Amino acid sequence: MVAHKTSSADCAFGPFRFDVAERRLLRGGEEIDLPPKAFDALALLVARAGQLVAKDEFVAVLWPRSVVSDASLSKIVWQVRRALDDDGERYIQTVPKQGYRFVAAVESRRAAPNAPRAEAPASPIVDARVPAMPRSPARRIAFALVAILMLGLLCAYAVWPRRDAAVLATAGAQTAGAAAGGLVVMPFRLDVDAAADRAFTDSLTDDLIAVLARLDGLRVIAPASAGGTGAGDEDPGALARRLDVRYALIGALRRDGEALHAQLRLTEVATGGVLWSRSFDRAAADAFVLRREIVEAVSQALALTLSPSLQAELRRSEDPVLYRRYLEARHWLRYDVVDWHRAVAAFQALVADAPGYARAHAGLAMALTQPSYVDAESARTMRIAALAEAQTALKLDADLAEPYAVIADDKCRNAQWEPCIALTERAIELAPADTTLRLWHVRRLTTLGYLTRALDEVRTAYRFDPLSVEVNFMLGHALDTLGRHDEAATYFAAVPFKRQAGIWFNAVWRGDAAAARAATTEDARWQASYTAVLDAVQDATKWPAARAAIARSETDGQHANWTRVLDPEPDIAGDIAMLEVIWRHGQSSMSSMLWNEELANHRRDAAFADYVARSRFVDYWRVHGWPDRCRGEETAVRCD
């Protein structure tokens, strides 16, 4: 960064000064480098401070003559956030599926330093009703560019009244439609709680959540958190606080021979008021039709618009018997069941009976991808079969999320990062409430070193799934990687299984020996070495004994002991090779330790430079931006 004289005609927010005319962003008198598109994106956000800037508005300004993916915009926003050191949405708020909002207070630098601040008139940029986005590309570009020009006027002549970020978020939410507060689909009650009916009903609820989550402007709580609420028994106010939702869809199902009766109501959880209530009577086989009618009814009640693609999907015909079998097979992959052997068998039977049914191939592909701890040869065989099923599913139906996720998994394991990330983001676009896919994305971003982007993604997952054990664990893990260990511990506290390596490492990094001992695994293979390493961390003279314990735990030659990274005399090349194997096999998120602050010496070693080169990270970085702890130089990459 290079020091500059400050300008008298610029804006300020937080510690930053922003001069649009001279295209400079400064902090403490030092200029912060921003790529041209990132600068333009920030200008558009500040010009519309407090308001939602839709994705197509960014595209109109940044790529007026090109067709780009959401990944391109995500990269630009990440560059802005990195420049602002914005790892907690202090400046830029993500509005899932819609765009971004600048939430910090913005003020002019022209006012005299000691002059009393006059109450500012309503800003025409913020308080006026925003017209609908013009449809033609040329008019969209003009509309967005006018907003940027208005920023210059705002910086020079207007004083932005300071508002708390939460107030801005609330004001923005009020203009985003009635559903801005979020929706939870409660587990449906059953008159007869037969196992087969429960499997069908739970999977129907999950599928309903997946479709509702694709409605623009609606955040729908994911199945794990929705399922943790009970079947409508929880106090509405407590539910609203736990899940940060405004609405709940509550219902009961009853089977009567070949008939299916559903009674549903949409309520405002804080008051218990019923916004809409309806009965559905369908043939038991017509679950697909029931799903469509529920989605249409909810969208109408909340004044939301079904996209043309979603309308087409809901209106297409589908064999009701196959759909029911698909739901029952998928039940074995639910967060609270997880029996992938039964899932594989059920999907294989469905594929055999209906080889042209895309959902069957997609479900089988996901079932074959799930197991992480089978032996290496079995895992490789299953991944090959999963990839074949995903490719078949994609040929039959290009709008299913699972095939993209499975193909992305193969690309990631083979360090083909461009399709890996693009396909993962496409899967999330098709299934925004599927936090399993989002957590896969978090792992991949972290593997690439994009720590702030990974934290943003797992925070989005948390908004969809705040009660999920996996989401809380990954949020703690992402914060640990950034060195925010105390904050990470608050999320690890929500994980019921305390004796885990991730929680153990967090306690070690926080210097809490008692917590580390409480988190030490009870697995006979590892327990002695974890205990010995903890002793050595407290007393350096005990490292010889700890090294011997680590070596004993690795005698089978197939398992590596992660605690070796704490050795003050590390085998850096060996540590890097160990953690590389983890992400290539998809076994754990612990490979992200390579990016921890505590392993800075590993990243400065020549072995790390070799690692990022052979893993093709550098090729991806040069196109999509440098990660948090690395920077490009003329002939090399430097990481710290």
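Up top is the structure these notes are about.
Let me sum up the structure you'll find in this document. This structure is a prediction, so every number in the text was calculated from the model and none was measured. (Residues numbered from 1 in each chain as written. Predicted model: local features only at pLDDT ≥ 70, side-chain atom pairs only at ≥ 80, totals over all residues. Heavy atoms only, no water.)

Turning our attention to the pattern of salt bridges. In the structure shown here, the tally under the stated rule is 32 salt bridges. The residue Arg315 makes a salt bridge to Glu296 at a minimum N-O spacing of 2.8 Å. Of this pair, Arg315 sits in helix H10 (residues 308-315) while Glu296 sits in helix H9 (residues 287-301), placing them 19 residues apart in sequence. One salt bridge connects Arg459 with Glu487, and the closest N-O pair in it is separated by 3.5 Å. You can see Arg459 sitting in helix H18 (residues 451-464) and its partner Glu487 sitting in helix H20 (residues 485-492), a full 28 residues away along the chain. Glu487 gets classed as partly exposed once you look at its relative accessible area, which sits at 28%. (Salt bridge = Lys/Arg side-chain N within 4 Å of Asp/Glu carboxyl O. Helix = DSSP H or I, 4+ residues; strand = E, 2+ residues; numbered from the N terminus. Buried < 20%, exposed > 50% of the residue type's maximum accessible area, 1.4 Å probe, protein only.)

Quick look at the state of the cysteines now. Summed over all chains, the structure comprises 2 disulfides. Paired by a disulfide, Cys412 and Cys420 hold their sulfur atoms 1.9 Å apart. Between Cys412 and Cys420 the disulfide shows an S-S torsion of about 85°. By sign, it is right-handed. Exposure class is identical for Cys412 and Cys420. Each is buried. With its sulfur 2.0 Å from that of its partner, Cys630 forms a disulfide with Cys639. With the S-S bond torsion at 105°, the cross-link from Cys630 to Cys639 turns out right-handed. (Disulfide = S-S within 2.5 Å.)

Moving on: helix H13 (residues 358-369). For H13, which comprises 12 residues, the first-to-last C-alpha distance of 17 Å matches the rise-based estimate of 16 Å (1.5 Å per residue) to within 8%. Here H13 lies mainly inside the structure; 12 of its 12 residues are buried. Among the residues of H13, those classed as buried are Ala358, Arg359, Ala360, His361, Ala362, Gly363, Leu364, Ala365, Met366, Ala367, Leu368 and Thr369. (Expected span 1.5 Å × (residues − 1).)

Once that is clear, we can look at the sheet that holds strand E7 (residues 92-95). Strand order in the open sheet made by the 3 strands is E6-E8-E7, with antiparallel pairing throughout. Two strands close off the open sheet at either side, each with one partner strand: strand E6 (52-54) and E7. Geometrically, the sheet is characterised by an average inter-axis angle of 30° between neighbouring strands, direction not taken into account. In the sheet, E6 pairs with strand E8 (residues 99-102) via 3 bridges, with the strands oriented antiparallel. Residue pairing across strands places Ala54 opposite Gly99, the latter belonging to E8. Those strands touched by helix H3 (residues 70-84) are E7 and E8, and its axis lies near 155° from that of E7. (Pairing = 2+ DSSP bridges. Axes fitted to C-alpha atoms, helices over the stretch in contact; angles between N-to-C directions. Contact = heavy atoms within 4.5 Å.)

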